[in-house]
Amino acid sequence: MWLGVIHHAVNEHQWILLYRIGSKSSCMHGPLTEEREKGWLEAGSPAHAALRDIVKDKRLLKKFPYYSNCRFVCCWFFS
């Protein structure tokens, strides 16, 4: 799901999984019907490449389970 941000940012809401033959993935939101004030990133642009580098950062990916668990626990504890 986290890697889907790379696709979502360029208005691509369904994509083929390169590591699993014949598999597809998609965003979990419904159809987008409202107009956006801001445009989408252009695939392959410097901004899209920078986003891809951040999302695929190995250090961040290793700590991602910690951050997602911390968010869950903190929201539960303080609600």
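Structure: above.
This section reports on the structure supplied with the text. Being a predicted model, the structure only gives us computed values, none of them experimental.

**Describing the overall build of the protein**
1) Next: Along the protein, the regular secondary structure elements total 3 helices and 2 strands.
2) Next: Moving toward the C terminus, one meets the helices and strands of the protein in the order α-β-β-α-α.
3) Next: Expressed as a percentage of its 79 residues, the buried residues of the protein come to 15%.
4) Next: Counting only contacts in the protein whose residues sit at least 6 apart along the sequence, the fraction spanning at least 24 positions is 46%.

**What to know about the side chain of S23**
1) Next: You can see S23 is positioned in the loop between β1 (14–16) and β2 (24–26).
2) Next: Classification of S23 by relative accessible area gives buried; the value is 18%.
3) Next: When residues no more than four places from it in sequence are discounted, the contact partners of S23 are W15, I16 and L17.

Criteria and cut-off values
- Per chain, residues are indexed from 1 in the order of the written sequence.
- Where totals are concerned, whole chains, interfaces and linings use all residues; where local detail is concerned, this predicted model gives features only for residues with pLDDT of at least 70, and gives and counts side-chain atom pairs only at 80 or more.
- Heavy atoms from the whole structure form the basis of all side-chain values; hydrogens and water molecules are not counted.
- In DSSP terms, a helix is any run of H or I states spanning at least four residues, a strand is any run of E spanning at least two, and both are numbered starting from the N terminus.
- Throughout, exposure labels follow a simple rule: accessible area from a 1.4 Å probe, protein chains only, divided by the maximum for the residue type, with under 20% read as buried, over 50% as exposed, and the rest as partly exposed.
- Any two residues whose heavy atoms approach within 4.5 Å at even a single point are treated as in contact.

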